[in-house]
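A closer look at the structure
Listed below are the residues making up each chain.
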Amino acid sequence: MAGRTAGAAPTAHPVAEAEATLVRHYRRLVRLAYLALPADRDRHSRVLAAHAAVQRALPFRWTRADRPSGPEADRTGLVDRTGQADGSATTDPGYAALRLRVLRAALRPHPAARLLAPRVWGLRLFTPHGGEQDAALDHALAGLDAPARAAFALREVEGLDGPGAEQVLREAGVARPAEAVAAAAEVPAGPDPELSAFDPCAVRVQPTDLLRRRRTLTAALAVGLLGLTTTAAVLGGGSGPVGTVPRPAERSADAPADPADPARLVRVAPDAWEHTARIDFTAWPARGDRREDGALLGRALAAWAQPGPRTHAEPGTDSAPPATPPQLLFAGTLDGTGVAVLYDGRRIARYTDGSGGGLDLARADSSGPTTAGAVVLGRQGTAVRYLLAPWVETAETRRIDQPDTAARPLDHPDGITPATPGGGLADCRGATVLQLHSSPVIAEKHAFVLADLGGLLPAHLTYTPPPDRNQPAREPHEATGPDALQAWARAGCAVPDGTPGVKQLNLWAFAVQPLPQNAGSAAWFCLRADRWTGEGSAATAVLLPTARGPQRTGGGPGRACSRFEQDTVAWTWWHSPQGPDYLLAAGSRRVARLTAKGPDWSADRPTPDRTLAVERPARSTVQVEAVLDNGNRITPPH
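Residues numbered from 1 in each chain as written. Predicted model: local features only at pLDDT ≥ 70, side-chain atom pairs only at ≥ 80, totals over all residues. Heavy atoms only, no water.

1. Considerations on the overall build of the protein
What the protein contains, in helices and strands, is 14 helices and 27 strands. Classification of the 638 residues of the protein by burial places 48% in the buried group. For the protein, contacts bridging at least 24 residues in sequence account for 65% of all contacts bridging at least 6. In the form shown here, the protein has an accessible surface area of approximately 31,000 Å², with 52% of it arising from carbon and sulfur atoms. (Helix = DSSP H or I, 4+ residues; strand = E, 2+ residues; numbered from the N terminus. Buried < 20%, exposed > 50% of the residue type's maximum accessible area, 1.4 Å probe, protein only. Contact = heavy atoms within 4.5 Å. Areas by Shrake-Rupley, 256 points an atom, 1.4 Å probe, with all protein chains shown as cover.)

Here it is, written out as structure tokens:
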């Protein structure tokens, strides 16, 4: 037969070849699209969009002229991370063309593409979390623009070098590919190609809100029935009275969301806190064994929608109904009673069933990993049960007055603790506090202390160590170290405010004063309470060698001893064991001079150690003032 060589294999159809190439490298292409897609989507949407981008890369027509060939195909072909070329890619230049189509779809997603993406009904898909390094990488990629993410994907998934990645990006239509490759190189590390954290083909599934789906189906059936009834009425020539208002069941599904509808409660994925830079109550998932109990949730929402005699709002908390559907944090049975906890972005609401229950409201805006660390679910006498944040890995309890005693482990299945002793800090009777340890996903070796003050949210305890004149002012840090625990054990009950609504309590050890006659030393503290409302108060206190507890020397509302007012001075009378009375005064780091004036005497001295001791035969009314190193004068807080 002329023009035909015996034994030659028949030529495959170009589209069939492209399909075979796509199927062979499907997983790699999908991973490439997933990394390059915009970071403004949730993981469910990104998984579906990545699959859609690869599936739509298969053309309807494809001639051989459409495929790269020769050196260009070899240079942009598939290369393993080991640096060895994948022969199936370099010998199949169609892969490079498919990869190019996938990148173009990921770099410039069309708005209509979301409508054409695969649909999954009743399930949410998301890639499993691969660890702290992958969470940090995901956060870093979110800060890159689309070309830089695509460059990162080409280098980490495809194994291309810089020039190869630039060439592919240039062909994909990127205006400045060199800048994109340089930005991608700033990301510290890439994912292992075999890890599932960035693999949309290895996904976890979770059901969506079952109660909402049931209500949506019911509403859809009602709307369909209404449509059939209306059509029959129109065809039959009948009409209702002009201006008739539809009944609630007949209203459009586009009506504004009803904040009191349990089906519209906001629910967060269980691992949302692992993949967000906002670690507060918005990252809490819904927990509890009655999350789908519409009756309990309905009662909680109704109680919030119509505040009444059983509504209790902490000071400074608005009791008005939520403007939008709130977020569900918890719904379950606690000690035989139904409890639901909701959050509307500004307030925590806890609803409790029964005659002794009701609705409790507390401010919770501008929270963080520590101040959103726990919510009080219920009380029985002085015992408290908490719901801990999902990022709390381990929990312990400890007596505030026993700093040398080891903390006791506290079980918290599904975040719920057993009954734990409480007790106020201000009563000096040894309150029990929570010591919580964050997951390494949030911060390595991070622990913090929370104290119950009788409200919905425990207060965060911090500690500021004594100053160093040659160093900048120190910032408060967690009250978990030995020095911090000792200081809180000795002076904690001098807090200026130990009532519900306090967000943070800080204890600042601002001076240590050697006492005359070798009688030991006095420790000076300033304790500050900051409330959720933004208000605050401070109190100075001194701990003397023979005293059973701290002696408060002054204080009041304002911003004393805060980061806005970091200079302070305090004074007190002290009776020496050998008889004389002394006026003791001490100042903070920047105090250079102390003055004291009585009815018939005065003392004005430079104070290198920021302390003053004046022997007086009798106690009298005095005025104490401190001069700072810049010449400004301050007086004790009052």
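2. Looking at the packing of helix α6 (residues 94–107) against helix α9 (residues 146–156)
Their axes nearest at 10 Å, the elements α6 and α9 cross at an angle of 150 degrees. In the crossing of α6 with α9, the sense of the turn from one axis to the other is right-handed. Contacts between α6 and α9 involve Arg 99, Leu 103 and Leu 107 from the first element and Ala 146, Pro 147, Ala 150 and Leu 154 from the second. Partitioned by chemical class, the residues of the contact of α6 with α9 number six nonpolar, no polar and one charged. (Axes fitted to C-alpha atoms, helices over the stretch in contact; angles between N-to-C directions. Left-handed = near helix turned anticlockwise from the far one by under 90°. Nonpolar A, V, L, I, M, F, W, Y, C, P; charged D, E, K, R; others polar.)

3. Things to note about the nonpolar core
Counting 45 residues, the largest nonpolar core has Val 54, Leu 103, Leu 141, Leu 154 and Leu 169 as its most contacted members. Those elements that place two or more of their residues in this core are α2 (26–36), α3 (43–55), α6, α8 (132–142), α9, α10 (162–171) and α11 (177–185). Setting aside residues up to four positions removed in sequence, Leu 103 forms contacts with Leu 32, Ala 36, Ala 150, Leu 154, Val 168 and Ala 172. One finds Ala 364, Leu 388, Ile 416 and Leu 456 within the second-largest nonpolar core, a separate group that totals 36 residues. (Core = buried A, V, L, I, M, F, W, Y, C linked by side-chain atoms within 4.5 Å.)

4. A few points about the pairing of strand β10 (residues 392–399)
Here β10 pairs with strand β13 (residues 432–438) via seven bridges, running antiparallel. Bridge pairing in β13 places Arg 398 opposite Val 433. (Pairing = 2+ DSSP bridges.)

5. Digging into the side chain of Glu 158
Topologically, Glu 158 is positioned in the loop between α9 and α10. On the accessibility criterion, Glu 158 (0% relative accessible area) is buried. Separated by 2.9 Å, the side chains of Glu 158 and Tyr 95 make a polar contact. A distance of 2.7 Å separates polar atoms of two side chains, one belonging to Glu 158 and the other to Arg 99. (Polar contact = N/O pair within 3.5 Å; in protein donor to acceptor, adjacent residues only side chain to side chain.)

6. As for the state of the cysteines
Enumeration over the complete set of coordinates arrives at one disulfide. The disulfide partner of Cys 526 is Cys 561, and the gap between their sulfur atoms is 1.9 Å. Judged by the sign of its S-S torsion, about 95 degrees, the cystine formed by Cys 526 and Cys 561 is right-handed. Taken as a pair, Cys 526 in strand β18 (residues 521–531) and Cys 561 in the loop between β20 (551–557) and β21 (569–575) lie far apart in primary sequence, 35 residues in all. Note on accessibility: Cys 526 and Cys 561 belong to one class, buried. (Disulfide = S-S within 2.5 Å.)

7. Let's talk about the pattern of salt bridges
Tallied over the full model, the rule gives 23 salt bridges. Note that Glu 625 and Arg 633 form a salt bridge whose closest N and O atoms lie 2.7 Å from each other. On the accessibility criterion, Arg 633 (53% relative accessible area) is exposed. Within the structure, one salt-bridge network assembled from shared partners comprises Arg 28, Arg 99 and Glu 158. (Salt bridge = Lys/Arg side-chain N within 4 Å of Asp/Glu carboxyl O.)

8. So, the packing of aromatic side chains
Geometrically, a pair of aromatic rings is defined through the distance of the ring centres and the angle of the planes. Tallied over the full model, the rule gives six aromatic pairs. Ring plane angle 50 degrees and centroid distance 5.2 Å describe the contact between Phe 281 and Trp 284, whose orientation is recorded as tilted. Neither residue differs from the other here; Phe 281 and Trp 284 are each classed as buried. Residues Trp 571 and Trp 573 carry aromatic rings whose centres are separated by 6.3 Å and whose planes lie at 85 degrees to one another, so their mutual orientation is edge-to-face. Judged by its relative accessible area of 12%, Trp 573 falls in the buried class. Its guanidinium or amino end placed over the ring of Trp 284, Arg 287 lies 5.1 Å from that ring's centre, counting from NZ or CZ. (Phe/Tyr/Trp six-rings, centres within 6.5 Å; stacked < 30°, edge-to-face > 60°. Lys NZ or Arg CZ within 6 Å of the ring centre and 35° of its normal.)

9. Describing the sheet that holds strand β26 (residues 623–628)
Taken in spatial order, the four strands make up an open sheet running β24-β23-β26-β27, and their pairing is antiparallel. Each end of this open sheet is capped by a strand with a single partner; those strands are β24 (602–606) and β27 (633–634). Bridge count for strand β23 (residues 591–597) against β24 is five bridges, and the pairing is antiparallel. When the bridges of β24 are listed, Leu 594 appears paired with Arg 605.

10. Some thoughts on the sheet that holds strand β9 (residues 383–388)
Read from one edge to the other, the open sheet built from three strands follows the order β8-β9-β12, with strand pairing classed as antiparallel. Looking at which strands have only one partner, the edges of the open sheet turn out to be β8 (374–380) and β12 (420–421). Looking at chain direction, β9 and β12 are connected through two bridges and run antiparallel. Bridged to Val 384 within β12 is Thr 420.

11. Examining the pairing of strand β4 (residues 327–334)
With seven of eight residues buried, β4 is to be regarded as a mostly interior element. The turn joining β4 and strand β5 (residues 337–343), which pair antiparallel and follow one another in sequence, is formed by two residues; a positive phi near 55 degrees is taken by Asp 335.

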